[in-house]
Amino acid sequence: MTQPVSPPRSSTDKIPSTAQPPAWRGVLARADVRTLSLLGVLAALIVVGGITKPDEFLDTRNLQLVLTQGSVIGVVTVGMTFVIMSGGIDLSVGAIVALASVWATTVATQEYGFAGILFTAVLVGVGCGLVNGLLIAYGGMVPFIATLAMLASARGLALQITDGATQVVTIDSVLDLGERDAYILGIPPLVLVFAVVTIIGWLILNRTTFGRRTVAVGGNAEAARLAGIDVRRQRLYLYLLSGLCCGIAAFLLIILSGSGQNTNGNLYELDAIAAAIIGGTLLSGGRGTIVGSVLGVLIFTTITNIFALNNLQSDVQQIAKGAIIVAAVLVQRRTASTT
Amino acid sequence: MPESTPFTSRRGLFFGTAAVGAGVMLSGCTSNKSDDEPASNDQPAAADTPGKAVTIGFAGPQADHGWLNAINDNAKSRAKKYSDVTLEITEGSNDTAAQIGQIETLINKKVDVLVILPADGKALTQVGLKAMRAGIPVVNLDRIFNTPQAYRCWIGGDNYGMGLNAGHYIGEQLKDVDDAKVIELAGLDNLELTKQRTQGFDDALKNYPNIKKVARQAAEFTVESGQAKMAQLLQAQSDFDALWNHDDDQGVGALRAIEQAGRDDFLMVGGAGALSAFQAIKQDNGVLKATVLYPPTMAASAIDLARALGQAKGVSGLAEFEIPSSLTLYSAVVDKTNIDQYMPTGFK
Amino acid sequence: MAPEPPLLSMSGITKSFPGVRALDGVDLDVQAGEVHCLLGQNGAGKSTLIKVLAGAHQPDDGTISWRGAPVTLRSPIAAMRLGIATIYQELDLVEHLSVAENVHLGHEPTAAGFVVRGKAAKASTAALLKRLGHPEVDPGRLVGELSAAQQQIVSMARALSHEVRLIVMDEPSAALDPEEVDNLFRIVGDLTADGVAVVYISHRLEEIRRIGDRVTVLKDGRAVAGGLPAKSTPTREVVALMTGRNVEYVFPERPATPAAPADAAGAPVLEVQGLAREGEFAPVDLTVRPGEIVGLAGLVGSGRSEILETIYGARKPTTGQVLVDGRVLRPGSVRAAVRAGLGLAPEERKAQALLMLESVTRNVSVSSMSRFARGGWIDRGAELAAARAATRELSLRPDNPSVPVRTLSGGNQQKAVLARWLLRGCRVLLLDEPTRGVDVGARAELYAVIRRLADEGLAVLLVSSEVPEVLGLADRVLVLREGQVVHTAPARELDEHRVLDLVMEGAPVASGRSVAGSSAAGSSADRSPADGGRGPAS
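No experiment lies behind these values; they were computed from the predicted model shown. (Residues numbered from 1 in each chain as written. Chains lettered and ligands numbered in written order. Predicted model: local features only at pLDDT ≥ 70, side-chain atom pairs only at ≥ 80, totals over all residues.)

Okay, the overall build of chain C next. Looking only at helices and strands, chain C has 18 helices and 24 strands in total. Counting every position in chain C, which comprises 538 residues, the buried fraction comes to 51%. The contacts of chain C with a sequence gap of at least 6 include a subset with a gap of at least 24, amounting to 68%. (Helix = DSSP H or I, 4+ residues; strand = E, 2+ residues; numbered from the N terminus. Buried ≥ 20, exposed ≤ 12 C-beta atoms within 10 Å, placed from the backbone. Contact = placed C-beta atoms within 7 Å.)

If you want it as structure tokens, here you go:
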């Protein structure tokens, strides 16, 4: 009877001929051309910003501003990256952010203070993600359709809750987190959350069975199924994860804007998808990186910042955004095909 | 600039009276209510004795924004005041096709008068024409149809005037400041009304050679975008004297950004007339000193006009027998001096 | 050879991809009216060469002459205009269009330049299909509804809808059963009689012997032999040219004590009782003991793959059950099967088994991830070491499990799949066409690996469309016909003819479902009922 091949101790298994290169070189090699090219784009942007507006751009306050402004969409993008990696899509992220931010800022919720707002935002996000996941994984709906339906109904519900009015937050402990001099461990709270979500996202994707299953489902769902992976359950979890990220993002947005409004999260779905794509995530699934997606977010936020500092108008900004998406994808295709 | 000629005459007209304008041009005096209903001038525009029963169809866009919500509320509560008016209000829609369908349903129901706030004025011109041809007079509210043939009467706000009045208010406030700097937080750039507001603002500032507009960014009428764009503007401009923000809703976000940046070295003028803005002006402990109206009470006036049309009456206070074909509302500036008068009209 | 210039002459064709020199100065001459066979292992450059010929790749160097005049094939359209048509192995048909629309895709018969004349397209398609021996295919049907063999015919009809002088066929027989292959060869014969040249690619030497005129052998991007006579060159020589070694098509020795049914080799690990799927296969009973290789032989469409996938839980049975170690598996659950110790190496390796973008390690560990994980966190060192041990046990090349699995040859990709189950500690291996896409040289090695795994105690259930493979590798063989087991016998008591007799016996009645059902040939004898799987055939 065949025994499972037990993992031998690595010390006895070192083979000189095929020894792995040192770890740092592996990291460099795996931080592939895509990521490096994104870093290059970001560096170029920083040079442009530094030349055009040296005083305003190269300022720690501005760095703080860029990171803070990018943190809301950044958290959403981390969740979106997982979903796209699995071959799916979540068009409802913006609507979920809107619904969660609105639900968490009603007068009734605000009575429960900080915890009430945080809990409600996260719960609404997870709840919407659960519905998405159930419809897609067990209802057999196409992700595009299911999340499109969620987009419509979550926006509708958000409007119903607010009646179109802006719900101002009056809880000081929440508002204080968005103040100019609020720091946790020397980092603005929003940026800290963004960083923590990014790191956890990276760890989950690269170091856990959950991440592996995500990649397997996205790379080849049939092969994953025949390899014994519970593809449907994995899909459910992925949309839950995306919903959770939306809930967290909604809380960040409440801190940032000091209010909840049904128009929040406008077109987040497109921004998050765009950031993931220029970050090298394959829209068909199976490949992508958290680092790439986050760099995508930072590139977009930096562009917005530079344009605003230079007083360029939104028409120019939109054209530039489109051009950057095309350029980034073309550069990646080129670099990818030569390696 | 074609605007330059009318501009000087306009200036002559309202100069010095900018802060005292009435909410609705055709109403003379004002009276305030203290209950929850959206307040406006309670004096009915036409004769207030009950007359022939009139069914008014009302079709507007989706009320996903405070101002639009206030439009619906104004229309409803105004109609309720008249025992002879029945209001058929459709579910709001931002989809042109859906709104056309709703209006056609109202035409088929043979309502007496239609009040239409189109999601897109140009795209709904045809259905306005259709109603007129079917013998149903149309009161076109705010977003104007392509051709006057599509409405019997247009009533709406003055976007150019909004910018103009905001510019003049800021100009007067900064009259004595040398090399004053002004920035502008505009609304959604895709909309023509944003361009008109900016144009009016720029034209007004031309009268004040000591003032220079140093920056302009467009937000999206949302709190979120207001905060984001304002934060960038504040980073870009370390020193300026005044800010005009097109919209009080996005102003909530803008004020948040201002607070976050710890800035209070300038004066801010808002737009539209939200309750939160009025309250801030009254408290007078922040940068927001005034706001320029774009009054949602126009919906109440539209109901008045529709009722008058249905009963074939004129407008009291005017010599003519007929209702005017066009009514442009005045964009009054509300500041500390007249805030109490306007407080009840503020929308959430 | 003929004195006039050859129809096609390629010389010194070189094509490099990043990191790989796919073609290194290849020469190829093709005469009008001949069947020119292209032989070579996977990765030898066959695919690249035919893509150059089809205008899909531009060569870095070298010249191409067409009827004596130099030409440049800038695009597939340019090649098509010259009269070069290519039928790729992976058929490039649009499933949601009809047969006629597919055949005329891109050159629809039109009126006034743009109005598609549907009737004319259907009529000409019907004529083509008739010429190809398949008048029963309705030009109006959607291609997605057709069987694999019928789709191949459609692909061929599309090639012939152009004015064609040279047809490239890339492994056209791979998806066909013997009768269909006969029809294919008849078509090839008709074409060459009309003066059309055929470039024929196949792994199957016996086919090349039957229809080939000349053979060009590619190895490592070079033509190691050109224009050999197809009928008379000894097999040993051809294999030697392809592999660079003198390898016979060898099967490993069976164990001295065959695990015969009566043998006390132990209780069966896998028992299948009355398993059936409506419309696919009739109730099947079979057992596999540890150490035993059981083969399923049958035509394409006889239900072989379906049986394997149903045992594995990938399809839900209509009736019957699967037992592992006497315990009943939850029907229709892959996870239950995997947990019980089953492993499947599916027929479509790339589509059904491999994560092509991932490394070998991750492909191997995917079914045993939790073994290397504590609380969801993967110990990547242990994972890599285990993957290395498993792949090394199967002599997977290259000996570096960090390389992407897509860079591996077909045989090594199959080994990666086997390593996955080896690592999982699987006890029953279900192998579906284990040597499909694996070149001749590597097959013997794969056979040896499978036998060794069985010797170590695994139970193996093998499906193959190549009868010699089943006979050579299995201990016991079940012969399938139209979803029924018609015969069971130790492999050593059977030979290829006997098996073919069994699978053909009784003309397959048109069932409208299977490929066999659509073939016209066959005896007119009554269809004999299944005889308990034991009875001798006529």
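Take the interface of chain C and chain A next. Each partner contributes to the interface: chain C provides 46 residues, whereas chain A provides 30 residues. For the side of chain C that touches chain A, the secondary-structure elements that each account for two or more residues are helix H10 (334-340), helix H11 (349-353), strand S20 (377-378), helix H13 (380-393) and helix H14 (410-424) of chain C. Sorting elements by how many residues they give to the side of chain C that touches chain A places H13(C) first, with eight residues. Broken down by class, the residue content of the side of chain C that touches chain A amounts to 28 nonpolar, eight polar and 10 charged. (Nonpolar A, V, L, I, M, F, W, Y, C, P; charged D, E, K, R; others polar.)

Taken together, the contact pairs 31 residues of chain A with 32 residues of chain B. Of all the secondary-structure elements, those providing two or more residues to the side of chain A that touches chain B are helix H4 (60-85), helix H13 (231-257), helix H15 (290-309) and helix H16 (314-337) of chain A. Per element, the largest residue contribution to the side of chain A that touches chain B is four residues, and it comes from H4(A). Each residue belonging to the side of chain A that touches chain B can be placed in one class, and the counts come to eight nonpolar, 17 polar and six charged.

Turning next to helix H9 (residues 304-311) of chain C. Residues and elements named next belong to chain C. Of all eight residues making up H9, seven are buried, and the element is well covered by its neighbours. For H9, the complete set of buried residues consists of Arg304, Ser305, Ile307, Leu308, Glu309, Thr310 and Ile311. Glycine 313 sits one or two residues past H9 and shows a positive phi near 90 degrees.

Residue and element names in this part refer to chain C. When you tally the buried positions in strand S23 (residues 476-481), you get six out of six residues, the bulk of the element. Relative to S23, strand S15 (residues 293-297) runs parallel, the two sharing four bridges. From the neighbouring strand, alanine 297 faces S23, where its bridge partner is valine 479. Bridge count between S23 and strand S24 (residues 484-490): six bridges; the pairing is antiparallel. Note that in S24 the partner of arginine 476 across the bridge is proline 490. (Pairing = 2+ DSSP bridges.)

The next thing to look at is the domain arrangement of chain B. Segmentation of chain B into domains returns domain 1 (24-156 + 296-329) and domain 2 (159-293). On a C-alpha basis, the centroid separation for the pair domain 1 of chain B and domain 2 of chain B is 31 Å. (Domains from an automatic or database assignment.)

Backbone torsion omega between Arg397(C) and Pro398(C) reads -5 degrees, so that peptide bond is classified as cis. Mapped onto the fold, Pro398(C) is located in the loop between H13 and H14. Positive phi outside glycine occurs at Ala272(B), with the angle close to 100 degrees. Of note, Ala272(B) is situated in strand S9 (residues 267-272). With 29 C-beta atoms packed within 10 Å, Ala272(B) lands in the buried category.

Below, the discussion takes up the sheet that holds S9(B). Residue and element names in this part refer to chain B. The strand order S7-S6-S8-S9-S10-S12 describes an open sheet built from six strands, whose pairing is mixed. Since the sheet does not close on itself, it has two edges, and those belong to strand S7 (211-218) and strand S12 (333-335), each with one partner. Strand-to-strand twist across the sheet, computed as the mean angle between neighbouring axes with direction ignored, equals 20 degrees. Bridge count for strand S8 (residues 242-245) against S9 is three bridges, and the pairing is parallel. Each residue of the ladder has a partner; that of leucine 243, found in S9, is methionine 268. (Axes fitted to C-alpha atoms, helices over the stretch in contact; angles between N-to-C directions.)

Time to look at the sheet that holds strand S14 (residues 281-288) of chain C. Residue and element names in this part refer to chain C. The strand order across the open sheet formed by four strands is S14-S13-S16-S17, and the pairing between neighbours is antiparallel. Each end of this open sheet is capped by a strand with a single partner; those strands are S14 and strand S17 (327-328). Here strand S16 (residues 319-324) pairs with S17 via two bridges, running antiparallel. Looking across to S17, one finds that valine 324 is bridged to arginine 327.

All right, on to the packing of helix H2 (residues 66-81) of chain B against helix H10 (residues 298-310) of chain B then. Residue and element names in this part refer to chain B. Packing of H2 against H10 brings their axes to within 7 Å, and their N-to-C directions diverge by 40 degrees. Between H2 and H10, the interaxial angle falls into the category oblique. Between H2 and H10 lies a crossing of right-handed hand. For the pair H2 and H10, contact is made by Ile71, Asn74, Ala75, Arg78 and Ala79 and by Ala299, Ala300, Ala302, Ile303 and Asp304, respectively. Taken together, the residues of the contact of H2 with H10 break down into seven nonpolar, one polar and two charged. (Parallel < 35°, antiparallel > 145°, perpendicular 65-115°, else oblique. Left-handed = near helix turned anticlockwise from the far one by under 90°.)

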